Amino acid sequence: YNSDELLNTSARSLAEFLQLTPEYSRYALGTGTNNGNNGVKMVDLRGLGHKRTLVLINGRRQVGSFVGGSLDLGAVDLNTIPMGMVERVEVLKDGASTTYGSDAIAGVVNVITYKRFEGVRLTGGMGTSSESDADSQNITLTMGTSSDKGGVVMGLEWHNQEELLAENRKFSEFATWPVRDENGRFQTTNQGSSNSRKINVNADTLAQIQSVDPSITSARFIVDADTGEVRPYNGLTDSYNYSAVNALMTPNERYQLSANGDYEILSNSAVGSINSFAELSYTKRTSAQRLAPDASFTVTEYQGLPNEFVPASNPFNSFGDNPDNPYGVSGESVQINRRFVESGGRLFSQNVDTFRLVAGFDGEFNNGINWDFSYVYADNSEIYETKFYHRFDRWATIVDPDLCAADADCAEVGVLNPFGDFGSISPQQMSYLSANSLKDQYDTNMTSLQLNFNGEFGDLGSGAIGWAAGMEFRNEKAEIKPDEFSSEGLTTGGALDPLKGRQGVDEYYAEILMPLLSDLPGVRTLDVEAAVRYSDYDSSAGDTTNWRLGVDWGITDSFRLRSVYSTGFRAPNLVEQFTQASTF
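What counts and what doesn't
- Residues numbered from 1 in each chain as written.
- Predicted model: local features only at pLDDT ≥ 70, side-chain atom pairs only at ≥ 80, totals over all residues.
- Heavy atoms only, no water.
- Helix = DSSP H or I, 4+ residues; strand = E, 2+ residues; numbered from the N terminus.
- Buried < 20%, exposed > 50% of the residue type's maximum accessible area, 1.4 Å probe, protein only.
- Areas by Shrake-Rupley, 256 points an atom, 1.4 Å probe, with all protein chains shown as cover.
- Arc of directions from axis to C-beta.
- Contact = heavy atoms within 4.5 Å.
- 1 Å grid on protein atoms, 1.4 Å probe; cavity = no way out; pocket = protein on both sides within 12 Å on 5 of 7 lines; lining within 4 Å.
- Points joined across faces, edges and corners; volume = space filled by probe spheres on them.
- Nonpolar A, V, L, I, M, F, W, Y, C, P; charged D, E, K, R; others polar.
- Pairing = 2+ DSSP bridges.
- Patch = residues over 30% accessible without salt bridge, like charges linked within 9 Å, V, L, I, M, F, W, Y side chains within 5 Å.
- Salt bridge = Lys/Arg side-chain N within 4 Å of Asp/Glu carboxyl O.
- Lys, Arg positive; Asp, Glu negative; His and termini not counted.
- Polar contact = N/O pair within 3.5 Å; in protein donor to acceptor, adjacent residues only side chain to side chain.
- Core = buried A, V, L, I, M, F, W, Y, C linked by side-chain atoms within 4.5 Å.
- pLDDT = per-residue confidence, 0-100.
- Phe/Tyr/Trp six-rings, centres within 6.5 Å; stacked < 30°, edge-to-face > 60°.
- Lys NZ or Arg CZ within 6 Å of the ring centre and 35° of its normal.

### Structural notes on the overall build of the protein chain
The secondary structure content of the protein chain amounts to eleven helices and 28 strands. In terms of overall dimensions, the protein chain has a C-alpha envelope of 100 × 50 × 50 Å along the principal axes. Here the protein chain holds 584 residues, and 48% of them are scored as buried. In the form shown here, the protein chain has an accessible surface area of approximately 26600 Å², with 53% of it arising from carbon and sulfur atoms.

### Some remarks on helix H4 (residues 203-212)
Of all the positions in H4, only Thr205, Leu206 and Ile209 are classed as buried. Projection of H4 onto a plane perpendicular to its axis shows the buried side chains occupying an angular sector of 100 degrees, all on one side. The outward face of H4, more than 90 degrees from its buried face, is lined by the exposed residues Ala203, Asp204 and Ser211. On its buried face, H4 is in contact with strand E12 (220-223).

### Looking at empty space enclosed by the protein
Scanning all chains against the criterion turns up five cavities of 30 Å³ or more. Size it by volume and the largest cavity reaches roughly 450 Å³. Taken together, 29 residues form the lining of the largest cavity, with Leu73, Gly74, Asp103, Glu476 and Asn573 sitting closest to its centre. Contributions of two or more residues to the lining of the largest cavity are made by strand E1 (53-57), strand E23 (437-457) and strand E24 (465-481). Here the lining of the largest cavity is composed, by residue class, of eleven nonpolar, ten polar and eight charged. Here the second largest cavity is characterised by a volume of approximately 100 Å³. Taken together, 14 residues line the second largest cavity, and the ones lying closest to its centre are Ile57, Pro82, Asn260, Ser281 and Arg356. Secondary structure elements with two or more residues in the lining of the second largest cavity: strand E15 (252-269) and strand E16 (272-291).

### Observations regarding the layout of surface pockets
The space that makes up the largest pocket amounts to roughly 990 Å³. Among the elements that take part in the lining of the largest pocket, E16 stands out by supplying five residues, more than any other. Partitioned by chemical class, the residues of the lining of the largest pocket number 13 nonpolar, twelve polar and twelve charged.

### Observations regarding the sheet that holds strand E4 (residues 107-113)
Ordered in space as E2-E1-E4-E3, the four strands form an open sheet in which the pairing is mixed. Pairing within the sheet leaves two strands with one partner each, and these edge strands are strand E2 (60-61) and strand E3 (86-92).

### Considerations on a nonpolar patch on the surface
There is a patch of nonpolar side chains on the surface, built from Tyr263, Ile265, Leu266, Val271, Phe361, Phe373, Tyr375, Leu449, Phe473 and Tyr508 and spanning about 850 Å² of accessible area. Breaking the nonpolar patch down by element, the ones donating at least two residues are E15 and strand E22 (370-387). Looking at where phenylalanine 373 falls in the secondary structure, it is placed in strand E22.

### Brief notes about the side chain of arginine 346
Within the element layout of this structure, arginine 346 appears in strand E21 (residues 346-364). One buried charged residue, arginine 346, remains without a salt bridge, the closest side chain of opposite sign being aspartate 294 at 4.4 Å. At a separation of 2.7 Å, a polar atom in the side chain of arginine 346 contacts the main-chain carbonyl oxygen of alanine 292. Not counting residues within four places of it along the chain, the set of residues in contact with arginine 346 comprises Gln289, Arg290, Leu291, Ala292, Pro293, Asp294, Phe297, Arg339, Lys387, Phe388 and Tyr389.

### Focus: the environment of serine 258
Within the secondary structure layout, serine 258 lies in strand E15. On the accessibility criterion, serine 258 (4% relative accessible area) is buried. Between the C-alpha atoms of serine 258 and glutamate 157, which are 101 residues apart in sequence, the distance is 8.8 Å. Excluding residues within four positions of it along the chain, serine 258 makes contact with Pro82, Met85, Val153, Met154, Gly155, Leu280 and Ser281.

### Here we look at the nonpolar core
In terms of nonpolar packing, the biggest core is built from 26 residues, with Ile199, Phe221, Phe319 and Trp395 touching the most fellow members. When contributions to this core are tallied by element, the ones reaching two or more residues are H4, E12, strand E20 (334-338), helix H6 (392-398) and helix H9 (427-433). Ranked by residues supplied to this core, first place goes to H9 with three residues. Within the second largest apolar cluster, 17 residues are counted, among which are Phe66, Phe348, Ala435 and Tyr442.

### Focus on the confidence of the model for the protein chain
When pLDDT is averaged along the protein chain, the result is 89, and 95% of the positions lie at 70 or above. Taking the mean pLDDT of every element in the protein chain, the minimum, 70, falls on helix H1 (residues 3-8) and the maximum, 98, on strand E19 (residues 309-310).

### Focus on the pairing of strand E28 (residues 560-566)
One ladder, built from seven bridges, connects strand E27 (residues 543-554) with E28; its direction is antiparallel. Bridge assignment links valine 551 to a residue of E28, and that residue is serine 563. Remark: five residues form the turn of the hairpin made by E27 and E28, two consecutive strands paired antiparallel.

### With respect to the environment of arginine 524
Structurally, arginine 524 can be placed in strand E26 (residues 523-537). Between the C-alpha atom of arginine 524 and that of tryptophan 553, which follows or precedes it by 29 residues, the distance is 7.6 Å. Beyond its immediate sequence surroundings of up to four residues, arginine 524 is in contact with Leu517, Ser518, Asp519, Gly554, Ile555, Thr556 and Asp557.

### Comments concerning unusual backbone geometry
Unusually for a residue other than glycine, asparagine 58 sits at a positive phi of about 55 degrees. Relative to the elements of secondary structure, asparagine 58 occurs in the loop between E1 and E2.

### A short note on the packing of aromatic side chains
Using the criterion set out here, one finds 13 aromatic pairs in the structure. Relative to phenylalanine 117, the ring of tyrosine 114 has its centre 5.2 Å away and its plane inclined at 65 degrees; by these criteria the two rings are edge-to-face. We note that tyrosine 114, like phenylalanine 117, is buried. The interplanar angle of 35 degrees and the centroid separation of 5.4 Å between the aromatic rings of tryptophan 547 and tyrosine 565 together place this pair among those described as tilted. With tryptophan 547 in strand E27 and tyrosine 565 in strand E28, this residue pair connects regions lying 18 residues apart in the sequence. The class for tryptophan 547 is partly exposed, based on a relative accessible area of 40%. Members of the aromatic cluster, connected to one another through ring pairs, are Phe348, Tyr384, Tyr389 and Tyr442. When the ring centre of phenylalanine 422 is taken as reference, the NZ or CZ atom of arginine 197 above it lies at 5.9 Å. The lysine or arginine in question, arginine 394, covers the ring of tyrosine 432, its NZ or CZ lying 4.3 Å from the ring centre.

In structure tokens, the structure reads:
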């Protein structure tokens, strides 16, 4: 795929462009993914996972990002590749662990950026939907100059995608579920989350209720918003429509600076030719997502009690010490899944800086062997801010009259009525209950040193035998610095463990391509390829040797058969090695 094809699609990122090609899974993280995304844009070859598709820039690696969570370290955020600098995109559709290592199981995307560019090119665009919303804008400036000795290319870019809420489209205005009708057929029904104002009673309480009204079979109840009376919960009418307040398109803005340069140091010397090259890129991204308001979801325990626990002493508990129910039940604690619509919804935002520097030399010896030597330094730093989760410790206090009275801040706002209709929680109570801003920091860093050789020798009658060999020494670091409340697991966001780890790998490879036959009846070409790669990790991944053998039979110019057998492996990423599973 070349730069003209990229420009003609009006794609806002490489991820969107690659999604138009058939070898990619239809699922991709991007601005169209709200829940489970953190602003990254990624592609997935063959549906095997974002971490299984290796993304290279000019044949060399880019630092990985935290994709959708702490365990998803490894994939490359395509936001970090400047679109205006892309000359072409090469896709290796085979599993390529033997050629490129652990993270290339699904294949490889190699983005080639301009090495030489003459003149100045300014492009820009604005877009909007048929409803005149979800606007997008971009401006790209590419400029360069070159001579017989070398050249330099520079790029400046700005891309912006504005938000679109689900409530602005009929197809996403409501959460829909398949519900079986009286004829046994499933019908699409508007039905949201049971985490609305649903009260859950224990088995003993349900038994007391059933002794009065045997027709009640569910342990779920709700305080009717119109009558104020407690009654059985009805999923069709009492559920919460979480869909409307979610985003269909999430806001994403990025600024990018990039530069490539090369210079010929020697030509036709006693040792051959030597060239120097360098690449530089910096991306600043801000992005955001929103979810429906937090709820007292059933998540974990706090101090030995369910995190959504409400004691019998709560004066608003219909089954408690001040009973207000038609079943004669009193003195019972309950659990409630209350949706905190008063908070306005959960908000997530990211502020990300990605830097990459490449420096190296390449050339050709007088015997025809090509070589290149390069060093890569890349760093990704992300501040992930979350707003309007509630705190388990504050919940336990504000629903308990005794604990609330002992806390001056709680006593000032008053004991919470979690059973009341939406809007009944005061701003002061919501402020006390909320965790406000949680700020988690994620940092990844990668350095790589590569030395590669390739050339040809001999002749099998159909062409010379091609070969390549080389080595790479790579070091990766990752660090997670969770917010205080995140690390203690005090919110429905779960617990996030701090982490600081590194791993290094030394890899050696060799490849050979043998053209056996050509230009014969039924055999336009017949090539055999073989490769082997040895990887030695200084971590629990250990060492491994993988190999590949393939046959490529070109029957005619338009008909070809290929067969490949290869072995592969996946080394665990740093988070998988050094942290415990998150608590939910």
